[in-house]
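Examination of the molecular architecture
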Number of protein chains: 2
Amino acid sequence: VYRDHDHTVGLPRPAVNTSATPITHHALRALLDPQSIAVVGASSDRGKAGGRPLWYLQEMGYAGPIYPINPHRRELGSLPCYPSLNAVPGPIDLCIVAVPAEQVEGTILDCAARGVPAAVVFASGFAEIGPDGQQRQARIREVALAYGMALCGPNCLGLLNVRSGAAATFTTALERCIEVPIGNVGFVSQSGAIAAFILALAQDQGVGLCSFVTTGNEAVLRFEDYIRYLVDDENTQVIIGYVEGVDGAAFVDVARLARARHKPLVVMKVGASVAGAGTAATHTGKLAGADAVYNAVFRQLGVVRARSVEDLLDFGRTLSEARLPQGGRVGIVSISGGAAVLMADWCELSSLEVPPLTPDTRTQLQSVLPWFATAANPLDTTGRPLWEEGMLRDCLTIMAQAPEVDMILLHVGLAPGPGRRIAEEILAAAGASDKPLLVCWLPESDPIPHAMLREAGVPIYVDPTRLVRSAAVLAWYAATSAAPTSSHRTFIEPFSEDMTDFQAREWLTRVGITMPREAVTTVSNEAVAQAETIGFPVCLKIVSPDVLHRSELGAVRVGLNSTGEVAGAFDEILTNVETSVPDARVEGILVQEMVVNGTELMVSTFRDETFGPVVVCAMGGIAVEVLQDRVIRLAPVSSTEARAMLSELRGAPLLFGVRGGAPRDVEAAADAISLLSTVLPASEALDAVEINPLIVLEEGRGVRAVDTVIRRRAEEPMHA
Amino acid sequence: VYRDHDHTVGLPRPAVNTSATPITHHALRALLDPQSIAVVGASSDRGKAGGRPLWYLQEMGYAGPIYPINPHRRELGSLPCYPSLNAVPGPIDLCIVAVPAEQVEGTILDCAARGVPAAVVFASGFAEIGPDGQQRQARIREVALAYGMALCGPNCLGLLNVRSGAAATFTTALERCIEVPIGNVGFVSQSGAIAAFILALAQDQGVGLCSFVTTGNEAVLRFEDYIRYLVDDENTQVIIGYVEGVDGAAFVDVARLARARHKPLVVMKVGASVAGAGTAATHTGKLAGADAVYNAVFRQLGVVRARSVEDLLDFGRTLSEARLPQGGRVGIVSISGGAAVLMADWCELSSLEVPPLTPDTRTQLQSVLPWFATAANPLDTTGRPLWEEGMLRDCLTIMAQAPEVDMILLHVGLAPGPGRRIAEEILAAAGASDKPLLVCWLPESDPIPHAMLREAGVPIYVDPTRLVRSAAVLAWYAATSAAPTSSHRTFIEPFSEDMTDFQAREWLTRVGITMPREAVTTVSNEAVAQAETIGFPVCLKIVSPDVLHRSELGAVRVGLNSTGEVAGAFDEILTNVETSVPDARVEGILVQEMVVNGTELMVSTFRDETFGPVVVCAMGGIAVEVLQDRVIRLAPVSSTEARAMLSELRGAPLLFGVRGGAPRDVEAAADAISLLSTVLPASEALDAVEINPLIVLEEGRGVRAVDTVIRRRAEEPMHA
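Residues numbered from 1 in each chain as written. Chains lettered and ligands numbered in written order. Predicted model: local features only at pLDDT ≥ 70, side-chain atom pairs only at ≥ 80, totals over all residues. Heavy atoms only, no water.

Before going further, it helps to examine the interface of chain B and chain A. Counting from both sides, the interface comprises 92 residues of chain B and, opposite them, 92 residues of chain A. Both sides of the chain B and chain A interface together cover about 6900 Å² of buried area, and 65% of this is carbon and sulfur. If you look at where chain B meets chain A, you find two salt bridges. One salt bridge connects A:Arg466 with B:Glu310, and the closest N-O pair in it is separated by 2.9 Å. The interface formed by chain B and chain A holds 18 residue pairs in polar contact (both at pLDDT 80 or more) in total. The element best represented in the side of chain B that touches chain A is helix 12 (residues 337-349) of chain B, accounting for nine residues. (Contact = heavy atoms within 4.5 Å. Buried area = accessible area lost by both parts, 1.4 Å probe. Salt bridge = Lys/Arg side-chain N within 4 Å of Asp/Glu carboxyl O. Polar contact = N/O pair within 3.5 Å; in protein donor to acceptor, adjacent residues only side chain to side chain. Helix = DSSP H or I, 4+ residues; strand = E, 2+ residues; numbered from the N terminus.)

Turning next to the sheet that holds strand 14 (residues 304-306) of chain B. Within a sheet, adjacent strands bond to each other through the backbone by hydrogen bonds, running parallel or antiparallel. Residue and element names in this part refer to chain B. Judged by pairing direction, the sheet is mixed, and its seven strands sit side by side in the order 9-8-11-10-12-13-14 without closing on themselves. One side of each edge strand has no neighbouring strand; the edge strands of this open sheet are strand 9 (166-169) and strand 14. Within this sheet the neighbouring strands show an average axis-to-axis angle of 20°, counted without direction. Where strand 8 (residues 158-161) and strand 11 (residues 209-214) come together, three bridges link them in antiparallel fashion. Within strand 11, the position partnered with Leu160 by the bridge is Phe212. (Pairing = 2+ DSSP bridges. Axes fitted to C-alpha atoms, helices over the stretch in contact; angles between N-to-C directions.)

Right, let's get into the sheet that holds strand 20 (residues 518-521) of chain A. Residue and element names in this part refer to chain A. The antiparallel open sheet is built from four strands, whose spatial order is 20-23-21-22. Each edge of the open sheet carries a strand with a single partner, namely strand 20 and strand 22 (556-560). Taken over all neighbouring pairs, the strand axes of this sheet differ in orientation by 20° on average, direction set aside. Strands in contact with helix 18 (residues 501-511) are strand 20, strand 21 (538-543) and strand 23 (588-593); relative to strand 20, the strand with the most contacts, it is inclined by about 155°.

Right, let's talk about the relation of the copies chain B and chain A for a bit. Its rotation angle being 180°, the transformation that places chain B on chain A also includes 0.0 Å of axial translation and leaves an RMSD of 0.2 Å. Expressed as an axis order, the relation between the two copies is that of a two-fold axis. (Least-squares fit on C-alpha atoms with pLDDT ≥ 70 in both.)

Let's shift gears to helix 10 (residues 291-301) of chain A. Taking burial as the measure, the eleven residues of helix 10 of chain A include eight buried ones, the bulk of the element. Count one or two residues on from helix 10 of chain A and you reach A:Gly302, which has phi positive near 75°. (Buried < 20%, exposed > 50% of the residue type's maximum accessible area, 1.4 Å probe, protein only.)

Residue and element names in this part refer to chain A. As for its placement among the helices and strands, Ser36 is situated in the loop between helix 1 (25-32) and strand 1 (37-40). A residue is classified by how much of its surface remains accessible, and Ser36, at 6% relative accessible area, is buried. Apart from the residues within four sequence positions on either side, Ser36 is in contact with Tyr62, Pro65, Tyr67, Pro91, Ile92, Asp93 and Leu94.

In this model, B:Asn377 is joined to B:Pro378 through a cis peptide bond whose omega is 5°. Here B:Pro378 shows up in the loop between helix 13 (359-368) and strand 16 (379-380). Backbone torsion omega between B:Asn692 and B:Pro693 reads 5°, so that peptide bond is classified as cis. Looking at where B:Pro693 falls in the secondary structure, it is placed in strand 27 (residues 686-696). For A:Glu218, which is not glycine, the phi torsion reads 55° and is therefore positive. Structurally, the position occupied by A:Glu218 is in the loop between strand 11 (209-214) and helix 7 (223-232).

Moving on, we come to the environment of B:Gln530. Residues and elements named next belong to chain B. The residue Gln530 is located in helix 19 (residues 524-534) in this model. Given a relative accessible area of 28%, Gln530 falls into the partly exposed group. The spacing of Gln530 and Arg701 is 171 residues in sequence and 22 Å in space, taken between C-alpha atoms.

What follows deals with the pairing of strand 29 (residues 708-712) of chain A. All names here are of chain A. Every second residue of strand 29 is oriented toward a common face, the buried set being Thr708, Ile710 and Arg712 and the non-buried set Val709 and Arg711. Alignment of strand 27 (residues 686-696) against strand 29, held across five bridges, turns out to be antiparallel. Among the inter-strand pairings, Leu686 is bridged to a residue of strand 29, identified as Arg712.

In this section: the pattern of salt bridges. Evaluated as defined, the whole model comprises 68 salt bridges over all chains. A salt bridge links B:Asp394 to B:Arg393; the nearest nitrogen and oxygen atoms lie 3.2 Å apart. For B:Arg393, a relative accessible area of 33% corresponds to the partly exposed category. Of the charged contacts in the structure, one is a salt bridge between B:Asp707 and B:Lys541, with a shortest N-O distance of 3.0 Å. Placement of B:Asp707 in the loop between strand 28 (703-705) and strand 29 (708-712) and of B:Lys541 in strand 21 (residues 538-543) is noted, with a sequence separation of 166 residues between them. A relative accessible area of 22% means that B:Asp707 is categorised as partly exposed. Residue classification places B:Lys541 among the buried positions, given a relative accessible area of 5%. In this structure, a network of salt bridges that share partners links the residues A:Glu310, A:Asp314, A:Arg466, B:Glu310, B:Asp314 and B:Arg466.

Okay, the side chain of B:Gln592 next. Residue and element names in this part refer to chain B. In this fold, Gln592 is placed in strand 23 (residues 588-593). With a relative accessible area of 0%, Gln592 lands in the buried category. Among the polar contacts made by the side chain of Gln592, one reaches the main-chain carbonyl oxygen of Val706 at a distance of 3.1 Å. If we skip the residues at most four places from it in the chain, Gln592 touches Arg505, Pro516, Arg517, Glu518, Ile534, Val538, Cys539, Lys541 and Val706.

This paragraph deals with the packing of helix 12 of chain B against helix 17 (residues 464-482) of chain B. Residues and elements named next belong to chain B. It is the contact of helix 12 with helix 17, at a shortest axis distance of 9 Å, that shows an interaxial angle of 35°. For helix 12 against helix 17, the interelement crossing comes out right-handed. Facing helix 12, whose interface residues are Leu342, Met343, Trp346 and Cys347, helix 17 presents Pro464, Thr465, Leu467, Val468 and Arg469. Residue composition of the contact of helix 12 with helix 17, grouped by class: seven nonpolar, one polar and one charged. (Left-handed = near helix turned anticlockwise from the far one by under 90°. Nonpolar A, V, L, I, M, F, W, Y, C, P; charged D, E, K, R; others polar.)

Purely geometric numbers; function is a separate question.
Below you can see the structure in the form of structure tokens.
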């Protein structure tokens, strides 16, 4: 009986206490690239978790020593069998622990005693089954940490080093097909069964892998620890991952490291839907973080987010196979006019540019094209390259050398006759430039043409849409990894818990966020005097922690044009509040400058449960409430980054001044966002601040934080 | 030498003059399901367009007589060869015309003389190459129409009846692989090369086809004519199409017919991007219609729009293989928790509901699940069904019989050992209910399990995301085809060309669209009197066909609260207009009620170049200008349909009154849209009418068409 599943109802994954008992790189290497392997619970039954790895290790040609451990056997197949770990004659890098849950702790202790640096535990029956299992898991964690043992699992499908054939796994994917294409994509998954499924798809699609890791319950090593190892691993060029929830801080660290080392990270994060999040929560014992924050953080860190298995593999292999382009301007070459149009459509949908060709490029192309073809981008070569030698090579070479183009997308589609010549022409053109060249071409009955391209590192796709979407990811990653990481402000004065709401506004003013001219008073005459100082028109608002819906209760009056109107409004507001919220604590009445002729933003900062402080900007009014036009970043952000946030809003044209409107003071808005983004990291007592509206005036006239809401740590958390 | 291309730089496709010389169903049947085939230009060379069909016809086992025509040969392979069409002994249904362009006309005349009802012309060198070719094309069109001949092409790859093996095509897809899975999906394409590519993909993915048609230059038969034939064809259950541009009226007719006959139509329309539309225009000689209108019309007619080749085949085969669900409530069953979450996420993205299970369903499931699994939707069965017999069958059966669920999505992923048993359990559950059941399962080395499912009509997918998206299309199509088609208003008084702009407003009032209280006058005193009648505040606006940007020129004054303000504003507006547009024709000054406290819509109607009159509604302000939140329908629409349009706006909550706002008078807004949608079909002289803003007041208080722009036929056309 075998199990290929991943049902884990666990507690939150514990963090590795790396400062106390570090899991060394040496131990991790013993786990992920073992030189010798012992199998405790070894069996000759290929249906069992202790039999399957033995079979796989031998089938995949693993060259290191394999030590089956089973006191009841002298040998297993052609391998000598040992009664215990202690009886093994040579050193052991990795112990595959294929015994039931009750025997795992003893085996781990044996490993520790024998000095085995790494272990993988298949058994379920740990944190996912309740309190008993949790205790069992805590004990093996304790042992592993005490001895610095790199422990994978429990409740996992194990791992596989594709190059060495170190198959410390019992996944059924290898039963279905033992061949795994060797490449430089490392794959780490928090789910076992879907990992097996993805591995099988990678096999079917010829995606070259180097590592396959299922993390299981993550008693010791977490998803992020494997990623960190692969970032350092020279055989790994791209890392793809499946996650249900990450450790925010560790993920941010390792993603930054990956970016610094130019190793693309492609992650499929599930649990974005209500129904999906429900299961993910049961499933991994970790509530799925707010999806919008995941999206924003991934984007900010240069992590490619895959939404589907197909995308995960397409994006991963594209980043591993293709060169990086210098920009997002695409030259499309197609033997089918229809495919050319389809690809151009998808370029636009995917934010790739299909620029018009320069006269020079057009002239060159026209000299090699048939007379009835048009030298344009996308380029429809007509079917003639299929029988006219050199035409495709010439078109591709001219396009690849055109300065207006950063990458070439080629649709061949079908070429059952002249396949090898076509492949040669593609390779000739690919060799004539450094620009990436991606090809859509169905497998032919003759495998040679595709093998030629694959050999030369030219990525091949079976669908023009998937090709374009992969090209867009390539361009995005290239742009992101080339962008400088900007430094950000540090903050000076933290929020103090005992501030009143109005004092908090004054504190935000000291932080650097401009409020309208305003003052709070409890005396009618003073309100009138303040209004005269501020200048008419003004508005009056109650200041009270107990009055939440101020407008509805008549606790706000706007557009007051005279001293008389101010005095009247003052009394009216107090009366209204007394009537509707009799025991409200009233700090006073705010007299405030009326701010007009600006564009409204909503700007806020809050603590995400996974990633900690984030900052949000959004268009005000209808867009915020209904259309959810907002951009999120990890806090703090620099003014430059804040400006980029503003430009990512769908409503950005309203700020930047196209479509007839005067440009707004984007610099001041960006400064305000940047300043606001510093307050949570510095203020333990603060949970969230929302400025709504932040009115952005015309260029050079600044912003005004008209209303602010402060949420202290103890209060109900605020969500994006 | 063969050609598998589709480069056609042609004139607009001529419409079939069906009233003068109808192409009969009999002739179309001879083309699409021929009982005998002649090949003019027959050759023994498989690389030639005259050799390839002979080869394919014999390889595919076409059972009717095949008559090769070639005066230089006595036989071709085992077939007797004839010197001319006249020499053929039996009747000829279809003539494959495989001769160069110059000889086509003669051959078509021979066909006519011989009484051949159908012909397919491969040769290029017609309308796509310029004036000479256009004349050549016009001549064969004339002959074909005169004799009622169903003519496919010219400049096409031909067509294929998959069931009979009538391969009147020279596509290289069949050289690559001669086997075409037989099914009930008909495929019609305006492009040849991409059609060949799609045919090859259909072969690779096992999508069962009945017909394959490439329409070429459409000299006689257009895309829509083939669709109409397939709607009537009993072997065809689903029609998939690739188009670059359609004949709007013919397409709407045939799409309505397909809907009435319950034959799903899935269409990939390309040319949505600027770069793509450029090529499509060159490519088919027809400007790609405004993409948003295509989208809207497809949606309205129940046509599924595919955005990629993958979608076209996925959606087509799903609609042909799966039962239609009664609703969009999905039960997800998965052997992998990860895949369950992924599918739930995609259901939400695809507007499918993943409802919580009723206590009854939960109880039933819990009784068959392992104790550590949770009975929920999505349902993670754990991997246990792989080794525990009956569990999957029971889970699926309970889910399929649950009243809260309309369809079942199952993820198996991999099952290399127990595949046949798993397939049996799926079939047992599928047989126990009428609900559709879709399965994600990679091909195993044992082909039997998949063959069992395929045999029983259970669709199988290799990707959970593609499965969910296909399921969403299934649910959408089921809901759309079940919806009643509502009747719409007819219009009474047409627009008259000689109306002034203000008279046009009065005419719109008679149409039934409510304007604010208003009057036009050229005299200051009258303006003051009108303002008093209307009630303050009012606004004043210039009425002149020559003043376009009224606000910028100071030709509008709002918020006038007294007779003095009105008199002052009247003079000021006239002075401003005289200064800035000295020779402006001034019809007068509009005195208008100020409309406040409403939600702004933009409502318009215009003539789309492909589909004719359409009506548009959009949120006003920021949303219209920047976020393009709008909904389009073919005009006219009923009030019910107009209400549906409003509910499809992203900003709909602002009208319907959720999120704290008071509900607006949606009925009145819907009536206004419906009324406006009637004016273009009735008014030849009118090109477009835009009401912006149409202010929608609170429930029961109606709407006010504050500003209207009328565009007459001769003027510059307006675009959505």
